[in-house]
Amino acid sequence: MKSEVSVRLAGHQEFRFDLQGAEPMGHEEGRRWLDDQFTTLDCEPLRASGKVLLADKVLTVARAAGATLLADPDWSRTFARAATAALAKPVVRVDVEAMTVSF
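Let me begin by describing the structure that accompanies this report.

The rules behind each value
- Along every chain, residues carry numbers that run from 1 in the direction the sequence is written.
- Residue-level local features of this predicted model are given only where pLDDT is at least 70; pairs of side-chain atoms are given and counted only at 80 or more, and the full residue set underlies all totals for whole chains, interfaces and linings.
- Note that the side-chain values use all heavy atoms of the structure and ignore hydrogens as well as water.
- Type-normalised accessible area, obtained with a 1.4 Å probe on protein chains alone, sets the label of each residue: buried when under 20%, exposed when over 50%, and partly exposed for intermediate values.
- We count a stretch as a helix when DSSP gives it H or I for four or more residues in a row; a strand needs E for two or more, and each element gets its number in order from the N terminus.
- One requirement defines pairing of two strands: DSSP has to find at least two bridges between them.
- For helices, the axis comes from a line fit to the C-alpha atoms of the stretch in contact; other axes are also lines fit to C-alpha atoms, and the angle between any two N-to-C directions lies between 0 and 180 degrees.
- Any pair of residues with heavy atoms lying within 4.5 Å of one another is described as a contacting pair.

## Focus: the pairing of strand 1 (residues 4-8)
For strand 1, the tally of buried residues reaches four of five residues, placing the bulk of the element in the interior. In the sheet, strand 1 pairs with strand 2 (residues 14-18) via five bridges, with the strands oriented antiparallel. Looking at strand 2, one finds that Ser6 is bridged to Arg16. With antiparallel pairing between neighbouring strands as the criterion, strand 1 and strand 2 make up a hairpin whose turn holds five residues, including Gly11 at a positive phi of roughly 75 degrees. Taken together, the five bridges between strand 1 and strand 3 (residues 91-95) define a ladder with parallel strand orientation. Counterpart to Ser6 in the pairing with strand 3 is Arg93.

## Remarks on the sheet that holds strand 2
If you walk across this open sheet you meet the four strands as 2-1-3-4, and the pairing is mixed. The open sheet is flanked by strand 2 and strand 4 (100-102), the only strands paired with a single partner. Here the strands of the sheet are splayed against their neighbours by 10 degrees on average, with no regard to which way each runs. Across the sheet, helix 3 (residues 73-87) lies against strand 1, strand 2, strand 3 and strand 4, angled at about 110 degrees from strand 1, the strand it touches most.

Next up, the structure:
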């Protein structure tokens, strides 16, 4: 089954992560990794209520990571594995400029 994550930043800069052959990450492990990165990268909730949905977390972590972390092969592969695990979707597309996550 095809598994990949793509992240599009402002200026049409795009990163693609093919997870073919990568060891899958469990749902809880992916969620915890995203939680840790959300805190480490000083991300802010997108909603005024303060509620953070998993898709919001993937989006804000990608935005905070920017091109620097997304270009890091170790960090980006872990991000991609965590995103697919936490969202339980094999294909995830993150558009930071449009503020959307699609499957």
